[in-house]
Each structure stands twice: as C-alpha cells, then as structure tokens.
Amino acid sequence: MAASLPDQSSTSQPHSSISNPKNEQRTTNNEELAEHVRQGLSRQPKALSSMYFYDEVGSRLFQQIMALPEYYPTRTEFEVLTRHRAAIAQALTPADGQPFHLLELGAGDGLKTKILLRELLAAGTRFAYAPVDISPSALAGLADSLRAELPSLQVEPLTAEYTQALAQLQGQPGRKAVLFLGSNIGNFPPAERQQFLGALAAQLSPDDRLLIGFDLRKDPRQIRAAYDDAQGVTAAFNLNLLTRLNHELGADFDLAAWEHFAEYDPLTGAMRSFLVSRRAQQVHVAALGQRFEFAAWEAIHTENSYKFTLPQIEQLAAAAGLRVQQVFQDEQQWFADVLLAPAE
Ligand SMILES: C[S@@+](CC[C@H](N)C(=O)[O-])C[C@H]1O[C@@H](n2cnc3c(N)ncnc32)[C@H](O)[C@@H]1O
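Residues numbered from 1 in each chain as written. Predicted model: local features only at pLDDT ≥ 70, side-chain atom pairs only at ≥ 80, totals over all residues. Heavy atoms only, no water.

Go over the packing of helix H2 (residues 56–66) against helix H10 (residues 233–249), please, and point to the residues and values.
At a minimum axis separation of 9 Å, H2 and H10 run at an interaxial angle of 160 degrees. Viewed along their axes, H2 and H10 adopt a mutual orientation that is roughly antiparallel. Where H2 crosses over H10, the two elements pack in a sense that is left-handed. For the pair H2 and H10, contact is made by Val-57, Gly-58, Leu-61, Phe-62, Gln-64 and Ile-65 and by Val-233, Thr-234, Ala-236, Phe-237 and Asn-240, respectively. (Axes fitted to C-alpha atoms, helices over the stretch in contact; angles between N-to-C directions. Helix = DSSP H or I, 4+ residues; strand = E, 2+ residues; numbered from the N terminus. Parallel < 35°, antiparallel > 145°, perpendicular 65-115°, else oblique. Left-handed = near helix turned anticlockwise from the far one by under 90°. Contact = heavy atoms within 4.5 Å.)

Now the structure itself:
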C-alpha cells in the first residue's frame, strides 16, 4: 500500500520479506523496485514512492535531517514525548497489568521511542517491543543500540512493509499497543491515509491502543524550510533516490542534471517534494531495458508530508472506526501525539 505512487494507488503489490535485520535481507527486491519505477516514470505526472528513500545511505541521511536546525518535527515530537512520557506510558499499558506487545510502524532509529521504552521499563511494565521498518540497516542499527542501552528490553524486530506488519497483527493473541510516530502518516495521500488507518483499526481489539504522531499546520514558511534546509541535506536525501536507482537498477541518472524542489500548500496541508530535471534528457534503466524521456524542468513527485489540524484528525479517526482518547502536545502546539482506541 505505501509503495504506491505519491498521488495515485498502484496496482503493484509490494511483498517485502519479514526477516531478522541482521541477515540484511532485502525487503524490496529489484523486480519490485523496477516495476515501481516502470509505472512511476510512465505516468503523468511522474512519481516515485518515498518508501524507496531508505536504503542504507538514505537512512543515514535521514538521521542527519533529524538533527538539522530547520527540521522541527523530530525535536518537537521529542519534546511532546518527554513532557508527557508518564501519561503516555500509562495510557499504552493495559489497566490489568497484563503483558502486551508494543509494535512500532516505521521505527527508524527509535530516537524518540526510547523515551517511552525507558519509561515503561522503569515502571516495571511487562512488554515486548516489535519495531517494524522497511530499511534493514535502520532496523539493525536500532536493534544494536537497544541491546547496548536497554539490555533488559525484549526486542522482536521485523524488516517489513507496513501492510505486512498489519497482516502479522491479524490474529496475534494478547494486548497490543501500536506506535506510528514521526508523522509518517503524512506520507500517505488522503484516500490512502484513510484506507490505511481503517485497515490498522480493523486489527485492533477493544483494549488495544494506537499512538500516532501528527505534524500540525503552522507558519507555511517554517514548514517549507524543514524540507529545504540551507545545508542541502534534504536535497541530498531526495537525490539519493536516483543514486539508488543507478546502483540497484543500472539506471544512468546524471545527478548534476537534477535538483530538489519542495513546496507547501497551506490550503490542503500538502508538503510535497520533487526531483526536477534541469534539462531535456533521456534516462536508461537497464533492469527494465527501457528509456524514459524528461522535458526540461519536468518533475518527479517523490514525497508527501501532509500537515494536519486537530478537527481533521478527529474526523480521520472517526471515519476509521477509532476514537481520540487523549491528545499530547508541545508547548507551541506544533505537533500532536494522539492516543486512539477502537470506537465502542
Ligand atoms: C521519516 S522516517 C521516521 C522514523 C521514526 N518513526 C521517527 O519518527 O523518527 C520513516 C521511517 O519509516 C520507514 N518506512 C517508510 N515507508 C515504509 C513502509 N512502507 N513500510 C515500512 N517502513 C517504512 C523508513 O525506512 C524510515 O525508517
């Protein structure tokens, strides 16, 4: 589902493998990636999924982005989780103290999650932590750091795509709490977002809980700057997608002929990133045996990072069969971690 193109549902079914991150098994094999590229570069406007940003280099670049002065989402959600850690940990823990599974979708390096993990461990809570990520390198780094920093924590990492993680949830016995932090939910275009949340809600039992991080609407210039930093790290992150296609699919993208462009639409809350062709050019993708034509200044849409309002979140939750239980925010109200439960 998340492998679909930024603005359009894809007919291809991503079927990543579930594996131990230590074996470095690829989660998206080259045929899947090639098929995604064939579809994405054949349509108008051209588009590729942001899910493919996160090869080893991309995951490392994203860690650098999180530390940038312009990139407020990570710092702000860090503040939310730090301020409200006791209340959030309590809300995620079953009232009867039974052990539970804490599953995290798109865990990345788990920097912010560790605030909650520490809080839960300090309270003597019995739980297993199952971080899920499409990036084997991000997951391996997270598992290593948890072994070193929180050795008593039971960790069950899964290298998988979101939809596979949902399939895993189906029929899993016991209580569950699901984390979906970092406003990853903003990567889905609206229709897919609703569909994904509905599919996630359908896997929850009445006592299960869901905590989702939503980046909220704010000064449009501040939002845009977060995706177009002065040092050019976000540009390198976006352009790395083309390097990945060169390496994995034998494409011949000339990186000097492409540039990063990011734009925010305050009417819809859509923050969008593009790769723009600086000149008319053809690109050959050896794995597909195909050439793709680009006009001068033609764009490939590579990422959505939608921004939300609290009433919109209420509506999104209700339409998915969920109810908002608690909203945790930072002092400036830039970000919300929203605790959700299945509607009665
Ligand atoms: C923007 S980062 C956020 C990481 C973390 N949640 C945080 O808040 O710092 C997105 C993470 O989700 C993972 N990811 C993106 N799309 C995914 C998908 N469709 N299935 C599983 N993981 C995905 C990426 O590999 C990356 O580690």
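Describe the side chain of Asn-240, naming the residues involved and giving the relevant values.
You can see Asn-240 is positioned in helix H10. If we ignore the near neighbours within four places in the chain, the residues touching Asn-240 are Phe-53, Asp-55, Val-57, Gly-58 and Leu-61.

Describe the domain arrangement of the protein chain, and please don't skip the residues or the numbers.
For the protein chain, the assigned domains are domain 1 (28–67 + 221–304) and domain 2 (72–218 + 308–342). Taken residue by residue, the interface counts 20 residues in domain 1 and 17 residues in domain 2. For the pairing of domain 1 and domain 2, the buried interface totals around 1400 Å² over both sides, and the portion due to carbon and sulfur atoms is 51%. On the domain 1 side of the interface with domain 2, the three residues burying the most area are Met-66, Gln-222 and Asn-304, jointly 38% of the side's total. (Domains from an automatic or database assignment. Buried area = accessible area lost by both parts, 1.4 Å probe.)

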